[in-house]
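# A closer look at the structure
The residues making up each chain are set out below.
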Amino acid sequence: MSDLQAPLRPKRKKGLVDFLVQFRWIFVIFFVLPFSTLYYFLIYLGDVRSEMKSYKQRQKEHDENVLKVVKRLKQRNPKKDGLVCTARKPWIAVGMRNVDYKRARHYEVDLSAFRNILEIDKQRMIARVEPLVNMGQITRVTVPMNLSLAVVAELDDLTVGGLINGYGIEGSSHIYGLFSDTVVAYEIVLADGRVVRATKDNEYSDLFYAIPWSQGTLGFLVAAEIKLIPVKEYMRLTYTPVVGNLQDLAQGYMDSFAPRDGDQDNPEKVPDFVEGMVYSPTEGVFMTGRYASKEEAKKKGNKINNVGWWFKPWFYQHAQTALKKGEFVEYIPTREYYHRHTRCLYWEGKLILPFGDQWWFRFLLGWLMPPKVSLLKATQGESIRNYYHEMHVIQDMLVPLYKVGDALEWVHHEMEIYPIWLCPHRLFKLPVKTMVYPEPGFEQHRRQGDTPYAQMFTDVGVYYAPGPVLRGEVFDGAEAVRKLEQWLIKNHSFQPQYAVSELNEKDFWRMFDADLYEHVRRKYGAVGTFMSVYYKSKKGRKTEKEVQEAEQAHLETAYAEAD
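Residues numbered from 1 in each chain as written. Predicted model: local features only at pLDDT ≥ 70, side-chain atom pairs only at ≥ 80, totals over all residues. Heavy atoms only, no water.

## With respect to the domain arrangement of the protein
Assigned domains within the protein: domain 1 (58–230) and domain 2 (386–500). Summarising the inter-unit geometry, the C-alpha centres of domain 1 and domain 2 are found 25 Å apart. Tallying the contact residues gives 21 residues for domain 1 and 24 residues for domain 2. Overall, the association of domain 1 and domain 2 removes approximately 1,900 Å² of surface from exposure, summing both partners, and the carbon and sulfur fraction of that is 69%. On the surface where domain 1 and domain 2 come into contact, there are zero salt bridges. Inspection of the domain 1/domain 2 interface yields six residue pairs in polar contact (both at pLDDT 80 or more). Tallying contributions element by element places helix α6 (residues 173–176) first for the side of domain 1 that touches domain 2, with four residues. Of the residues contributing to the side of domain 1 that touches domain 2, the split by class is nine nonpolar, eight polar and four charged. (Domains from an automatic or database assignment. Contact = heavy atoms within 4.5 Å. Buried area = accessible area lost by both parts, 1.4 Å probe. Salt bridge = Lys/Arg side-chain N within 4 Å of Asp/Glu carboxyl O. Polar contact = N/O pair within 3.5 Å; in protein donor to acceptor, adjacent residues only side chain to side chain. Helix = DSSP H or I, 4+ residues; strand = E, 2+ residues; numbered from the N terminus. Nonpolar A, V, L, I, M, F, W, Y, C, P; charged D, E, K, R; others polar.)

Take a look at the structure:
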């Protein structure tokens, strides 16, 4: 794409909803922030109480809760009751996707008790956890042991179940892959009430490979065993500014972690963590991190930055200073680094609280940040929710690494959103073809970042109000998302399902591969019990009749059209 000139758009008439959104910060400060703080504190007390229990007690409670799920499932009458879903309220989920499928007739199963860390096995280097354990909870336990999950998603509230059934990534994903790639076993309650343990090499290996991206439509995840890695107390972080056009920025980003000689598995050449932020069409900062000991960090002349303190500048703004002062290095406590974007929700905090990044607000009220995303969603109302869907973009584009420059140009031309988040991840060549998969024959091209067993992709994170909206111009959010999705399909790229989607069913299965997923749904009785992943992700309200008819047609065609 060579023409980066943004299209001319007419001015947009503003209405009451614009006014409500503009001054919503008043409601956020006096209601959402105080209640969020109380909410976080109560959850913290529950986590501490759980950690004080013995392993045997936690395991006993887990087994009892699994039996409750099994009993509830077996009480369902398929002819009278609706499709099965969790009893979790729609607004609790962190993602922006409409959870309208719960407004149809449904049969609820309560999973709210599954929020315990069951075991940290230092010998096997495995953490066995329940699905509602979140990232803040698990790093609070593991990091003091100098252990960590191999992939730790940045926001504290993101749960293990959401990251497995949906999508999870972090700055270490260029080594370990997506969050689901670090799971070694799933404990699943199937539609018929059977409780099974699925691994990549046991009798349920097909289920093991089908669970990621399935959105809980194959069974209920009640526990997972996840890979642990040894870590050190600090992250030595190097901030490198790059100036040029968008293709130059993309190349600078690739060079920060992908050796041009193809030696991608050499720890001397490849950092432990990678992250990029593009601040404008001509400026970006790329960060590479390596674990460092406390002794190294505290050597004379080294700078330690405790980014987790409430009064500190927001991380993305701190990183941006490299554009003025040039490349620099600092040491950040490991757990604070993991959650560096939590306090300001990347840069979404700037839209929620326009002055939230100012020094006076950080000192006075910064300790109340961040607002609980679930409370923001619960209190926004239908009109404000629709406004955000039209005038706001929260999307991730998972694109092959060599196409990052093209993706940046596309986003600039169609949306003009900055900053843009960049995070690389491996997409492994697996024994079976899963919903997301590398480009066929990628290993023959030997492109930068690729290895014979994995193709390097990048998450291009687009989170903010588009330039036309900020300028008061007309912007069609739904049409922009439709164009984005078609670009992704054309370029063998993927859209995480937490986001708002405009895909029809045929295009959904052009983006994702249906074969293994549909085979597993039929084999383990999910059809007619759990809603299919497309209908669970689909925008808009769903009726029971609509879903049941679609399920039947879905089985008969077996996606012949999509193939």
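Structure's up, so let's keep going.
## Observations regarding unusual backbone geometry
At the junction of Met-369 and Pro-370, the peptide bond is cis and its omega measures out at 0° in the coordinates. If you trace the backbone, Pro-370 turns up in the loop between α14 (359–365) and α15 (373–378). Located in the positive-phi region is Met-125, a residue other than glycine, with phi close to 55°. Along the polypeptide, Met-125 turns up in the loop between β3 (117–121) and β4 (126–129). Overall, the relative accessible area of 23% leaves Met-125 in the partly exposed class. (Buried < 20%, exposed > 50% of the residue type's maximum accessible area, 1.4 Å probe, protein only.)

## Observations concerning the pattern of salt bridges
Evaluated as defined, the whole model comprises 28 salt bridges. Here Arg-340 makes a salt bridge to Glu-154, at a shortest N to O gap of 3.5 Å. Of this pair, Arg-340 sits in the loop between α12 (334–338) and α13 (349–352) while Glu-154 sits in the loop between β5 (147–149) and α5 (160–165); the two residues are 186 residues apart in sequence, bridging distant segments of the chain. No difference in accessibility class separates Arg-340 from Glu-154, as the two residues are buried. Asp-192 is the salt-bridge partner of Arg-194, the closest N and O atoms lying 2.9 Å from each other. Assessed through its relative accessible area of 42%, Asp-192 is described here as partly exposed. Because the salt bridges share partners, they merge into one network encompassing Glu-154, Glu-170, Glu-275 and Arg-340.

## Structural notes on the sheet that holds strand β15 (residues 454–464)
Taken in spatial order, the seven strands make up an open sheet running β12-β9-β11-β10-β14-β15-β13, and their pairing is antiparallel. Strand pairing shows two members of the sheet lacking a second neighbour, β12 (328–333) and β13 (393–400), which therefore form its edges. Within the sheet, the average angular offset between the axes of one strand and its neighbour, ignoring direction, is 25°. (Pairing = 2+ DSSP bridges. Axes fitted to C-alpha atoms, helices over the stretch in contact; angles between N-to-C directions.)

## Quick look at the nonpolar core
In terms of nonpolar packing, the biggest core is built from 147 residues, with Leu-207, Tyr-239, Met-397 and Met-415 touching the most fellow members. Tallying contributions element by element places β15 first for this core, with six residues. Residues from two domains meet in this core; each of domain 1 (58–230) and domain 2 (386–500) gives at least three. Those residues within four positions of Met-397 in sequence are excluded, and the remaining contacts are Ala-407, Val-411, Thr-458, Asp-459, Val-460, Val-462, Leu-484, Trp-487, Leu-488 and Phe-494. Grouped together as the second largest cluster of nonpolar side chains are 15 residues, Val-66, Val-84, Tyr-107 and Phe-114 included. (Core = buried A, V, L, I, M, F, W, Y, C linked by side-chain atoms within 4.5 Å.)

## Things to note about the layout of surface pockets
Vacant regions in the atomic arrangement are exposed by a probe of water-molecule size rolled over the atoms. One number sums up the size of the second largest pocket: a volume of about 1,000 Å³. Asp-156, Arg-335, Thr-342, Met-369 and Pro-370 are, among the 31 residues lining the second largest pocket, the residues nearest its centre. Contributing elements (two or more residues each) for the lining of the second largest pocket: α2 (24–52), α4 (135–142) and α12. Looking at the lining of the second largest pocket element by element, the count peaks at six residues for α2. The residue inventory of the lining of the second largest pocket, partitioned by class, reads 14 nonpolar, eight polar and nine charged. (1 Å grid on protein atoms, 1.4 Å probe; cavity = no way out; pocket = protein on both sides within 12 Å on 5 of 7 lines; lining within 4 Å. Points joined across faces, edges and corners; volume = space filled by probe spheres on them.)

## Structural notes on helix α16 (residues 381–391)
Every α-helical turn comprises 3.6 residues, leaving residues that sit three or four positions apart pointing alike. Inspection of α16 places Ile-384, Arg-385, Tyr-387, Tyr-388, His-389 and Met-391 among the buried residues, and these make up the whole buried set. Close packing links the buried residues of α16 with α1 (16–22), α2, α18 (467–470) and α19 (477–490).

## Quick notes on the packing of aromatic side chains
Within this structure, the stated rule accounts for 39 aromatic pairs. For the ring pair Phe-508 and Tyr-534, a centre distance of 5.4 Å and an interplane angle of 65° mean the geometry is edge-to-face. Taken together, the residues span a long stretch of sequence, with Phe-508 in helix α20 (residues 505–511) and Tyr-534 in helix α22 (residues 533–537) at a distance of 26 residues. Side by side, Phe-508 and Tyr-534 carry an identical accessibility label, which is buried. Here a set of aromatic residues connected by ring pairs shows up, and it is made of Tyr-167, Trp-213, Tyr-437, Phe-457, Phe-494, Phe-508, Trp-509, Phe-512, Tyr-517, Tyr-534 and Tyr-535. Against the face of Tyr-437 rests Lys-433, its NZ or CZ located 4.4 Å from the ring centre. (Phe/Tyr/Trp six-rings, centres within 6.5 Å; stacked < 30°, edge-to-face > 60°. Lys NZ or Arg CZ within 6 Å of the ring centre and 35° of its normal.)

## Considering the UniProt feature "transmembrane region" (unreviewed entry) in the protein
Cross-referencing UniProt, the feature "transmembrane region" (unreviewed entry) maps to residues 21–42 in the present numbering. From the first C-alpha to the last, residues 21–42 spans 29 Å; its make-up is 95% helix and 0% strand. (UniProt positions renumbered as here; feature names shortened; annotations may be inferred.)

## Thoughts on the confidence of the model for the protein
Looking at the protein as a whole, its pLDDT mean stands at 90, while 91% of the residues score no less than 70. Counting contacts from residues 557–563, a segment whose pLDDT is below 50, to residues more than four positions away or on other chains yields ten contacts. (pLDDT = per-residue confidence, 0-100.)

## Considering the side chain of Thr-238
You can see Thr-238 is positioned in strand β9 (residues 234–243). Residues within four places of Thr-238 in sequence aside, it is in contact with Phe-286, Met-287, Thr-288, Glu-327, Phe-328 and Val-329.

## A closer look at the pairing of β15
Burial runs high along β15: eleven of the eleven residues are buried. Relative to β15, strand β14 (residues 420–428) runs antiparallel, the two sharing nine bridges. The partner of Pro-424 across the bridge, within β15, is Thr-458.

## A short note on the packing of helix α17 (residues 404–414) against α19
Contact pair α17 / α19: the axes reach a minimum separation of 11 Å and the direction vectors enclose 165°. When the interaxial angle is binned, α17 and α19 end up roughly antiparallel. Between α17 and α19 lies a crossing of right-handed hand. Taken together, the residues of α19 that come into contact with α17 (itself represented by Asp-406, Ala-407, Trp-410 and Glu-414) are Ala-480, Lys-483, Leu-484 and Trp-487. Of the residues assigned to the contact of α17 with α19, the class counts are five nonpolar, no polar and three charged. (Parallel < 35°, antiparallel > 145°, perpendicular 65-115°, else oblique. Left-handed = near helix turned anticlockwise from the far one by under 90°.)

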